[in-house]
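# Close look at the chain arrangement
Okay, here's what each chain looks like letter by letter:
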Amino acid sequence: MSATLAIRHIEAPAPALAPRERETLRHIAAGRTYLQTARHMGLSTHTVDAYLRRIRAKLNISNTAELTRMAIALGL
């Protein structure tokens, strides 16, 4: 795959994320832990985990490194 194709793939529009999903993704991509994210957003760590599972399913992503790359590509 050429570099141009790789960039286009990363910048491809992602499925719509709910506002709280986007906020959660932004916190995790910034390097915050689940606990830090939960406290900042006023949620439980279980809710943060649920949001991240939904995000991974929507974006077909399997790990946090890929989530972070997608957050950067989305400008979060």
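Not measured: the values here are computed from a predicted model.

We now examine the confidence of the model for the protein. A residue-level look at the protein finds 80% of positions with pLDDT of 70 or above and a mean pLDDT of 82. Within the protein, helix α1 (residues 3–11) has the poorest average pLDDT of any element, 44, and helix α3 (residues 34–41) the best, 96. Of the regions scoring below 50 in pLDDT, residues 1–13 engages in 4 contacts with residues more than four places distant in sequence or in other chains.

This part takes up the nonpolar core. Leu17, Leu25, Ile28, Ala38, Val48, Leu52, Ile55, Leu59, Ile61, Leu67, Met70 and Ala71 form the largest nonpolar core, which has 12 residues in total. Looking at this core, the elements with two or more residues in it are α2 (19–29), α4 (45–59) and α5 (64–73). At 4 residues, α4 tops the list of elements feeding residues into this core. With near-sequence residues (within four places) excluded, Ala71 lies in contact with Leu25, Ala29 and Leu76.

Before going further, it helps to examine the packing of α2 against α4. Packing of α2 against α4 leaves a shortest axis separation of 9 Å and a crossing angle of 100°. What the angle tells us is that α2 and α4 run roughly perpendicular. Judged by residue contacts, Arg20, Glu21, Thr24, Leu25 and Ile28 of α2 engage Val48, Tyr51, Leu52, Arg54, Ile55 and Lys58 from α4. Residue composition of the contact of α2 with α4, by class: 6 nonpolar, 1 polar and 4 charged.

Time to look at α3. Taken as a whole, α3 has its buried residues at Thr37, Ala38 and Met41. Taken around the axis of α3, the buried residues stretch over an arc of 100°, which confines them to a single face. Exposed positions of α3 whose direction lies more than 90 degrees from the buried face are Arg39 and His40. On its buried side, α3 packs onto α2 and α4. Positioned one or two residues after α3, Gly42 has a phi angle of 75°, which is positive.

Working note: non-glycine residues mostly have negative phi, and peptide bonds are mostly trans. Positive phi is not limited to glycine here, since Asn60 has a value of about 55°. As for its placement among the helices and strands, Asn60 is situated in the loop between α4 and α5.

The subject of this paragraph is the environment of Arg26. Residue position: Arg26 is located in helix α2. For the pair formed by Arg26 and Ala71, sequence separation is 45 residues and the distance between their alpha carbons is 6.5 Å.

Rules of the game
- Residues numbered from 1 in each chain as written.
- Predicted model: local features only at pLDDT ≥ 70, side-chain atom pairs only at ≥ 80, totals over all residues.
- Heavy atoms only, no water.
- pLDDT = per-residue confidence, 0-100.
- Helix = DSSP H or I, 4+ residues; strand = E, 2+ residues; numbered from the N terminus.
- Contact = heavy atoms within 4.5 Å.
- Core = buried A, V, L, I, M, F, W, Y, C linked by side-chain atoms within 4.5 Å.
- Buried < 20%, exposed > 50% of the residue type's maximum accessible area, 1.4 Å probe, protein only.
- Axes fitted to C-alpha atoms, helices over the stretch in contact; angles between N-to-C directions.
- Parallel < 35°, antiparallel > 145°, perpendicular 65-115°, else oblique.
- Nonpolar A, V, L, I, M, F, W, Y, C, P; charged D, E, K, R; others polar.
- Arc of directions from axis to C-beta.

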